[in-house]
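Chain by chain, the residues:
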Amino acid sequence: MAITVQNFIKLANFYNQMLTVMSAICIEKGGIKMENYVGRFFIADTLEYIVEYGRRLTEAGNVPEDVVRVIKIFQQKFEGVKDMVTPTEKPIYEMTLEEFEQKMNIQ
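Just so it is clear, the model here is predicted, and its values are computed rather than measured.

Cut-offs used in this document
Residues numbered from 1 in each chain as written. Predicted model: local features only at pLDDT ≥ 70, side-chain atom pairs only at ≥ 80, totals over all residues. Heavy atoms only, no water. Salt bridge = Lys/Arg side-chain N within 4 Å of Asp/Glu carboxyl O. Helix = DSSP H or I, 4+ residues; strand = E, 2+ residues; numbered from the N terminus. Buried < 20%, exposed > 50% of the residue type's maximum accessible area, 1.4 Å probe, protein only. Contact = heavy atoms within 4.5 Å.

### Considerations on the pattern of salt bridges
So, point 1. On inspection of all chains with the given rule, the structure shows four salt bridges.
So, point 2. In this structure, Glu59 engages Arg55 in a salt bridge whose closest nitrogen and oxygen atoms are separated by 2.4 Å. Pair noted here: Glu59 and Arg55 are both in helix α2 (residues 40–60), with a separation of four residues, about one helical turn.
So, point 3. For Glu79, the salt bridge identified is with Lys82, shortest N-O distance 2.9 Å.

### Quick word on unusual backbone geometry
So, point 1. Phi angles above zero are rare outside glycine, and Asn62 is one such case at about 55°.
So, point 2. Mapping Asn62 onto the fold places it in the loop between α2 and α3 (65–81).
So, point 3. Among the residues examined, Asn62 registers a relative accessible area of 80% and is labelled exposed.

### What about the environment of Phe74?
So, point 1. Among the structural elements, Phe74 can be located in helix α3.
So, point 2. The buried category is assigned to Phe74, whose relative accessible area is 4%.
So, point 3. As a C-alpha pair, Phe74 and Tyr37 span 37 residues in sequence and 20 Å in three-dimensional space.
So, point 4. Beyond its immediate chain neighbours, meaning those up to four positions away, Phe74 contacts Phe8, Ala12, Tyr15, Leu47, Ile50 and Val51.

The structure is reproduced here in structure tokens:
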């Protein structure tokens, strides 16, 4: 996917629509709190992706000021949920033998 302002806007809209759906699901399931909904981890991962996309977009330059403001808003939101993202792991081909054995629980 080319890093463009248009793609960032699509990602931002997708995230906002997901929040609406998540809210509706929480209500439908008896009014559970959004912070107790299991999908909050996916939402946090999505937000992390959008923030990184925004960072790369900003580095590329020529980003309108209104988009820069939205990127900063997403960065602020991410600060509140970054402890919920899925941990990043090394791909197998980058692991040492010891790391691979530990990951696979081989003793």
